[in-house]
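Examining the three-dimensional arrangement
What follows is each chain in one-letter form.
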Amino acid sequence: MSLKEYQLFFDGRFAEAVGGAKFDSVNPANQEVVARVSRAGAADVQKAVGAARAAFDSGPWPRLPREERSAAIKKLVDAINARAKELVDLEVADSGSTVRKAKEDIYLSARNLNYFSKLAAMELTENVEGLTKPGTSRNFVARDPIGVVAAIIPWNFPLKMAVWKLGPALAAGNTLVLKPSELTPCTAMELARMVHDAGFPAGVVNVLPGFGEEAGEALVRDPRIDKIAFTGSTEVGKKIMTLAAAGLKKLTLECGGKSANIVLDDADLDLAVDGSMYAIFYHQGQCCEAGTRLFLPDPIYDVFMKRLVEKTKLLKLGDPADPATDLGPTISRKQQERVLGYIKKGLDEGATLVTGGGIPKDSTLSRGFFVEPTIFADVTNMMTIAQEEIFGPVLSVIRYRNVDDAIAMANDSKYGLGGGVWSRDTDRALTVAQRLRAGTVWVNEWHLISERAPFGGYKQSGIGREFGLEGFKEYTEAKHVHVDEIGLRDKKFWYDTVVPKSPGP
């Protein structure tokens, strides 16, 4: 792949950063430079937010007929589909995603955006039931766009995360400034090119690749921003929440997780073993709702562990561009060291390492940031590896005696993003699912998220929801409109509490 060059995108044009600063985006599989990218700073944020503010306050986008906004968004859907192969290759090189996963991601990005293009065309005004009365009043709730949205996204699903923010923001009539991660800016910048080529009004979409402490913090602090939509770590989410408080900005925060995966004693072992591997090792465990804590009951513990370890040892680490590869690299040297540090903590605290635990010995992988798929047994729920988000291919297996114990341990976490239950008895599994304090719970499945259903977390996993009507409404203000149908002063007796009646003739 030839070296890419990307500039900032704001006010409908591409331009270098103020001062000309740039950074390299690196392939985590081999440390080759994928792209040279303009590095946004506070001065660039000022310009981009100004463009977005003007586009919202006086531009055509918020005032377009719904059908026209829908058609404009659909152009982006078509552009993603038309360039799917190129976007897959770029996502593999820039993020370390396996090619099998990247194909799925690009397809889902287009599908997600298509859903919001349809929502953009819908009339979402709702009558207020029980309040409207002919001859007295008519009452309805309208949905207005919030204004200018700052969208800050992580590195693990670069194009999907951009679409998750851009889709509902645009569908509702907002303008936005998108800051992709400095680790994976490439497909977001290609999305900016698609926006430009589709003829969106200037300032409606602005894309500023840059670093959090420079571009991200300036975005959050800017008083012209009306809403912040963030996906990332809980610690950064807390900082954003604190900074946003000064202006009472609207927030959606999709943060960390330590999701509990509970296998019941009647589970289909073939399905549950493979499903549990999918839950933790998908994208090298770099998923906020990954099934990182596996709870196994005494009666099936040994046989389940034997199968799990045997199959995990068969997973192929390698070049993510090779279709035969099951796991690619972690995103960076820093992340690789973070994961290895947690593995050491697990050993130090008494967990038993049953497979993996280090850097692969294959010399062909030596330039990449790889970590072996790792499983710990003899984990207690209070160990560091069972409580803190690792964001890597590390599974903590916890033995339990009865279902009540499993549920108690599952809920004994500051997080509440995802969860899963495996059982041949669906009713039994649903009883457990209903007791889990998590925003998404799968029964005999994992990772399947739909743009039609809300996604988000309890507790410190976040605030608000992505996707579905709930996710769309996060980008709107609810406006109650009361229309009087009485029309006669004498019948409005409530005025009499303040205003004297006019004397008669």
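Heads up: these notes are all about the structure in this document. (Residues numbered from 1 in each chain as written. Predicted model: local features only at pLDDT ≥ 70, side-chain atom pairs only at ≥ 80, totals over all residues. Heavy atoms only, no water.)

A few points about unusual backbone geometry
Selection rule: Think of it in three bands: with a 1.4 Å probe and only protein chains considered, a residue is buried below 20% of the maximum accessible area for its type, exposed above 50%, and partly exposed in between. Each helix corresponds to a stretch of at least 4 residues labelled H or I by DSSP, and each strand to a stretch of at least 2 residues labelled E; elements are numbered beginning at the N terminus.
In this structure, Gln284 takes a positive phi of about 60° despite not being glycine. Relative accessible area serves as the criterion here: at 2%, Gln284 is assigned to the buried category. Despite not being glycine, Phe391 has its phi angle at roughly 60°, a positive value. Secondary-structure assignment places Phe391 in the loop between helix H12 (384-387) and strand S17 (394-400).

Here's the deal with the side chain of Gln286
To be explicit about the condition: Pairs of residues are marked as contacts when any of their non-hydrogen atoms sit within 4.5 Å.
You can see Gln286 is positioned in the loop between helix H9 (269-281) and strand S14 (293-297). For Gln286, a relative accessible area of 0% puts it in the buried group. The contacts of Gln286, once residues within four sequence positions are left out, are Trp155, Asn156, Phe157, Pro329, Thr330, Ile331, Gln335 and Phe391.

Thoughts on helix H8 (residues 234-244)
Where H8 is concerned, the buried positions are Thr234, Gly237, Ile240, Leu243 and Ala244. Buried residues along H8 sit against strand S8 (148-152), helix H7 (212-221), strand S11 (227-231), strand S12 (250-254) and strand S18 (415-416).

Concerning the sheet that holds strand S13 (residues 260-263)
To be explicit about the condition: At least two bridges found by DSSP between two strands is the condition for calling them paired. Helix axes are fitted to C-alpha atoms over the stretch in contact, other axes to C-alpha atoms as well, and angles between N-to-C directions run from 0 to 180 degrees.
Pairing within the open sheet is mixed, and its 7 strands lie in the order S15-S16-S17-S14-S13-S19-S20. Both outer strands of the open sheet, strand S15 (352-355) and strand S20 (440-443), are each paired with one neighbouring strand and no more. Between one strand axis and the next, the sheet turns by 25° as a mean value, whatever way the strands run. Against the sheet, helix H13 (residues 403-411) touches S13, S14 and S17, its axis set at about 140° to S17.

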